[in-house]
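Observations on chain architecture
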Amino acid sequence: MSWSIEVPAVNTLNRPLGDSSQEQALGRAECSVNRKVPLPGGSVLLGASLKVPVELFNGPEDKDAGGVVGKRSADAPDGSTPEPLFLPDGITCWLKYAAELNAEASAEGSLPFLTLDGKGAINVRVADYRGHPTRNLLGDTLREDAKTLRLPFQVDDVRALGPDDALAFQARIQLKTGATLSWPIVTAAVVTALAKRVGRAVALQLKADVGLSVGGSLQLEDELCLVFSRPKNPGPFTVSVRKATSHGGAVKIEAGATLGVESPVLTALLTSVASTEQAQEVSKVMEALEAGKLSPTLLTVATALLGGLGFKEELDATQTTVEKVYGELKTLIKDSVCATLKAGFEYEYARCTEDTTLMELEVPEASLGDVHEALISGDLARIQRQVKDAWTRRYFQMTSIETQRTRSFGLGWRDVFLAKSEDSKKLKAVAQHASRDHVNGPRRYAFQGARSYKQEGWLAGAQVLQGIDFSAQMPGFSTRPSADAFAYAFFAQSRFQGSPSLQWLEDTARVWGALPDGGSPERLTALVQAAPRGTRITARFELRIDSPTFKKLLKRMGTDPAAELDCFAIALARALPWESVALRASPAVRQQIYAPLWKKYLMDRARNWDKASILRGVDDRLKRMQPPAALQNRTWEQSAMAGGAPTPATFMGVMENASRYGGDVGGRPYGKVYEIWARLTQRLQALQQAIDARSPLSDDPEHSIIVDAFDPLEDSGSDGFRLTATVAWFLELSRHWGFRADLQPLVGIKVGDQPELLLTSV
């Protein structure tokens, strides 16, 4: 291998490297190479290269496109800012020798920059960073460096790195890695999928060891950069996997999972519907099913267990049908795990900027030879099997509770962002580029809009954490990003801890769509009633609307204004707080009594709805019911007639807390609920129109049609009643338009130390 270097500005060769008059782009280098590099399962032939600039970094403001040399951010690393290895400090500066080599597979193997079967060829960008004292002369340094320039594919070249050196290569890499899903996320995904499969409500209490997680594998294809460095010599090597400026092409992510007889998810599902006697036989049933040898006794148990999960109508007590349903159940779990793993990885990965460090390992000197081939093959799964946990210095999801913990969409802020926030709004937009022309070149955007707040008081008398998460991201690059290029999704959650009544838990689960109005919550009743009085209860109410379903919602928005208004009136009525009075007995009762009142409020656009008119309107509605509401109920609703603050759960109390402006705004002192709903309807409709028209985004993505849609969603998530009403509205709209089964409501209830009970409905 030989390098040739062209430096046009020869008058600078006798100047020190640290001279401020030196240009950053000094000249061009060309690497002449014809070398076969062995890789696991094959080899790659490195051929002639293109000429690439030689760059000098001698000041803190110099920028390196590879992200290896540069100025460190003042902020703590959070996956959104570049993290360079080296910073010119007036004592040391760096020369970067780069080349684009032609790489061609000479045999099938696990090659990071070729197609999956190891065939084809592509250009691979390599770079050798050399640190030098600022006093050294440029000409002498170039001549000496050219004799010993290195390639990252050669393990001996990597071993030769000094403390101020680095070796890097960039290509469209297929990166393989392992990841885990926490037990609550896995079970939530599986229970939701099971409800859709069996077509009915599901209530399962799934037991698991504390801290249990489920593993999977991920294969990522993107433009990545692998960097070798050595902070101390002798000493361990640092290996960084970084995102890089892409040369085009969408990110490809594939997820995989294995599910055998040892699967904790399978065991938990079958055990959750087993009697005391059957629970002892679950492991035997699973082993027999895996082996295809069911005894008559175990066949009976297996039929009962699978029937208890909702497959009763598909079973005829024969081994054939039992094996068929068992296989479908395994596939359902595997697909759910893979989909959740992939969704969580994509969600977070899309919000990592270029130059973000995805993974950083500290490899002992003695172990470099064992893992070098795996590293340059992008096979981190193999490395994870070989190395000790102590090698891992950084993983791109380090903000999670646990290293390598992948979360599903909408859960990213539940334990990290939300739990630390009293009242927070967060809107984040990340731009990624496919060329160095950030103005006119291909680019893609990823948005995350989150709103969370903490509230004490009227909701079951407990501390409540609530919030929303609105996602919008482009799967591929475009020179003209437009609204139709995005995938959109929505997540809402309400979580509290306290000692609520069983009736309140049932009622709220129905409003959030996880329990049907006519459904009988035996599992919930048994769980709560068995607990001693005062036992602490933790409940989470969630609604996910994935991208395909959100597109359906947007597509219909504005097509039937009357129905949309009716659905919101119903949602507002159902969202009214449960109370132990006849008027509030259930969501269905509230819908019957209060939906007409809310409909009039919406049709009036909240004009002239002051306190006196609201109280008269409520009383008039209750008197006109057939039969009229009892006097004590009317009196309860009129609790504020004599002045003072109304009871928070009354209609007037809800208007005071959720819909009152600071003053009489345009004749609508209680018009906030109407205004937020009207803006949300209009902004979602405008977003759909922009999608249909393929309208380009603003040059400033922070002022775009997507942000316009987030604003009213954010307002709806800043109050408990409004958030619950928005969730109920989406449910009503999807039911009206015929895709209610596509929404993903879930309620998780944990009583004391008992396993969490999961409720969901289609």
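Along each chain, the written sequence defines residue order, and numbers are assigned to residues from 1. Where totals are concerned, whole chains, interfaces and linings use all residues; where local detail is concerned, this predicted model gives features only for residues with pLDDT of at least 70, and gives and counts side-chain atom pairs only at 80 or more. Excluded from the side-chain calculations are hydrogens and water; all other atoms, namely the structure's heavy atoms, are used.

1. Structural notes on the overall build of the protein chain
Within the protein chain, the regular secondary structure consists of 21 helices and 22 strands. Taking all 762 residues of the protein chain together, the buried fraction comes to 57%. What makes two residues a contact is simply this: any of their non-hydrogen atoms within 4.5 Å. Residue pairs in contact within the protein chain that sit at least 24 positions apart in sequence constitute 73% of those at least 6 positions apart. Where helices and strands are cited, they refer to DSSP runs of H or I of at least four residues and of E of at least two residues respectively, numbered from the N terminus. When a residue's accessible area, from a 1.4 Å probe over protein chains only, is under 20% of the maximum for its type it is buried; when over 50% it is exposed; and in between it is partly exposed.

2. Quick look at the pairing of strand β19 (residues 487-498)
Most of β19 sits out of view: 10 of its 12 residues are buried. In this description, strands pair whenever DSSP reports at least two bridges between them. Summarising the sheet, β19 and strand β20 (residues 537-545) pair through nine bridges and their orientation is antiparallel. Bridge pairing in β20 links Q497 to T538.

3. Observations concerning the environment of A288
By the element assignment, A288 lies in helix α6 (residues 282-291). Residue class for A288 comes out buried when judged on its relative accessible area of 8%. Residues A288 and A302, spaced 14 residues apart in sequence, show a C-alpha to C-alpha distance of 9.8 Å. Ignoring anything within four residues of it in the chain, the contact list for A288 reads K293, L294 and L298.

4. Here we look at the nonpolar core
As used in this record, nonpolar core signifies buried Ala, Val, Leu, Ile, Met, Phe, Trp, Tyr and Cys residues forming a set joined through side-chain atoms within 4.5 Å. Ranked by internal contacts, the top residues of the largest apolar core, which has 100 residues, are Y488, L505, W598, W729 and F730. Here this core gets 10 residues from one element, more than from any other, and that element is helix α21 (residues 720-737). Beyond its immediate chain neighbours, meaning those up to four positions away, W729 contacts M557, E564, C567, F568, A571, W677, L680 and T681.

5. Some details on the pattern of salt bridges
Should a side-chain nitrogen of Lys or Arg be within 4 Å of a carboxyl oxygen of Asp or Glu, the pair is scored as a salt bridge. All chains considered together, the criterion is met by 33 salt bridges. Residue R130 is joined to D145 by a salt bridge in which the shortest nitrogen-to-oxygen separation is 3.5 Å. Of the two residues, R130 is situated in strand β7 (residues 121-133) and D145 in helix α1 (residues 138-147); the sequence distance between them amounts to 15 residues. Looking at R130, the relative accessible area reads 8%, which means it is buried. Overall, D145 belongs to the buried group, its relative accessible area being 3%. Salt bridges linked by common partners bring D128, R130, D145, R150 and D165 together as one network.

6. Examining the side chain of R584
Mapped onto the elements, R584 comes out in the loop between α14 (561-575) and α15 (587-603). In protein, a polar contact means a hydrogen-donor-capable atom and an acceptor-capable atom, both N or O and within 3.5 Å, with residues adjacent in sequence counting only if both atoms are side-chain atoms; elsewhere, any N or O pair within 3.5 Å suffices. Separated by 3.3 Å, the side chains of R584 and Y594 make a polar contact. Only 3.0 Å separates the side chain of R584 from the side chain of E637, close enough to count as a polar contact. Contact partners of R584, with chain neighbours within four places excluded, come to D507, L576, P577, W578, E579, R590, Y594, W636, E637, A649, T650 and F651.

7. Topic: the environment of R634
Positionally, R634 belongs in helix α17 (residues 631-637). Taking relative accessible area as the criterion, R634 reaches 22% and is therefore assigned partly exposed. With near-sequence residues (within four places) excluded, R634 lies in contact with D619, L622, K623 and A629.

8. Overview of α14
For a helix, the expected span equals 1.5 Å multiplied by the number of residues minus one. Taking 1.5 Å of rise per residue, the 15 residues of α14 would be expected to cover 21 Å, and the 21 Å separating its terminal C-alpha atoms lies within 8% of that figure. The buried fraction of α14 is high, at 12 of 15 residues. Looking at α14, one finds that the buried residues are A563, E564, L565, C567, F568, A569, I570, A571, L572, A573, R574 and A575.

9. As for the confidence of the model for the protein chain
Predicted confidence across the protein chain gives a mean pLDDT of 81, with 80% of residues reaching 70 or more. Here strand β15 (residues 405-406) stands out as the least confident element of the protein chain, with mean pLDDT 34; α14 is the most confident, with 97. Confidence of the prediction at every residue is given by pLDDT, a number between 0 and 100. Contacts of residues 75-82 to residues separated by more than four positions or lying in other chains number 13 contacts, the stretch itself having pLDDT below 50. Contacts from residues 397-423, a stretch scored under 50 in pLDDT, to residues over four places away or in other chains number 91 contacts.

10. Side note on the packing of helix α11 (residues 502-511) against helix α12 (residues 522-529)
Every axis corresponds to a line fitted to the C-alpha atoms, with the helix fit spanning only the stretch in contact, and the corresponding angles, defined between N-to-C directions, vary from 0 to 180 degrees. Running from N to C, α11 and α12 point in directions that differ by 150°, and their axes come no closer than 10 Å. Here α11 is positioned roughly antiparallel relative to α12, judged by the angle of their axes. As for how α11 packs across α12, the hand of that crossing is right-handed. Seen from α11, the contacting residues are L502, L505 and E506; seen from α12, they are L524, T525, V528 and Q529. Here roughly perpendicular refers to angles of 65 to 115 degrees, roughly parallel to angles under 35, roughly antiparallel to angles over 145, and oblique to all remaining angles. By definition, turning the near helix anticlockwise from the far helix through less than a right angle yields a left-handed crossing, and turning it clockwise yields a right-handed one.

11. Brief notes about the pairing of strand β10 (residues 213-229)
Burial within β10 is extensive, with 14 of its 17 residues counted as buried. Summarising the sheet, β10 and strand β12 (residues 252-256) pair through five bridges and their orientation is antiparallel. Looking at the pairing, L220 lines up with I253 of β12. Two elements, β10 and strand β11 (residues 237-243), share six bridges in a ladder whose sense is antiparallel. Bridge pairing links C225 to R242 in β11.

12. Some thoughts on the environment of R28
Its location among the elements puts R28 in strand β2 (residues 25-32). For R28, a relative accessible area of 37% corresponds to the partly exposed category. Through-space distance from the C-alpha of R28 to that of P53 is 4.1 Å; in sequence the pair is 25 residues apart.

13. Observations regarding the side chain of R130
Within the structure, R130 has its side chain in polar contact with the side chain of D128 (distance 3.3 Å). Contact partners of R130, with chain neighbours within four places excluded, come to C93, W94, L95, Y97, D145, T148, L149, R150, D164 and D165.

14. A look at the packing of aromatic side chains
The rule is short: rings of Phe, Tyr and Trp, with Trp giving its six-membered ring, pair when the centres are within 6.5 Å, and they are stacked under 30 degrees, edge-to-face over 60, tilted in between. Evaluation of the coordinates by the stated rule reveals 21 aromatic pairs. Plain terms: the ring middles of F470 and F550 are 5.8 Å apart, the flat faces sit at 50° to each other, and that makes the pair tilted. Residue F470 is found in strand β18 (residues 463-473), and its partner F550 is found in helix α13 (residues 547-556); the two are separated by 80 residues along the sequence. Of the residues examined, F470 reaches a relative accessible area of 3% and is grouped as buried. With relative accessibility at 0%, the residue F550 sits in the buried group. Through a chain of ring-to-ring contacts, three or more aromatic side chains come together here, namely F490, F568, Y674, W677, W729 and F730.

15. Concerning the packing of helix α3 (residues 183-198) against helix α4 (residues 264-272)
Between two packed helices, both the angle of their axes relative to each other and the distance between the axes serve to describe the pair. Look at α3 against α4: their axes get within 11 Å of each other, and the N-to-C directions meet at 60°. Considered as vectors, α3 and α4 are oriented oblique to each other. The interaxial crossing formed by α3 with α4 has right-handed handedness. Counting all contacts with α3, which are made through W183, V186 and V190, the residues of α4 involved are P264, V265, A268 and L269. Broken down by class, the residue content of the contact of α3 with α4 amounts to seven nonpolar, no polar and no charged. When residues are grouped by polarity, Ala, Val, Leu, Ile, Met, Phe, Trp, Tyr, Cys and Pro land in nonpolar, Asp, Glu, Lys and Arg in charged, and all others, Gly among them, in polar.

16. So, unusual backbone geometry
Cis geometry marks the peptide bond from N233 to P234, where omega comes out at 5°. Along the chain, P234 turns up in the loop between β10 and β11. The residue after Q626, namely P627, is reached through a cis peptide bond having omega -5°. Position of P627 among the secondary structure elements: in the loop between α16 (611-624) and α17. For R605, which is not a glycine, the phi torsion comes out positive at approximately 55°. Note on placement: R605 falls in the loop between α15 and α16.

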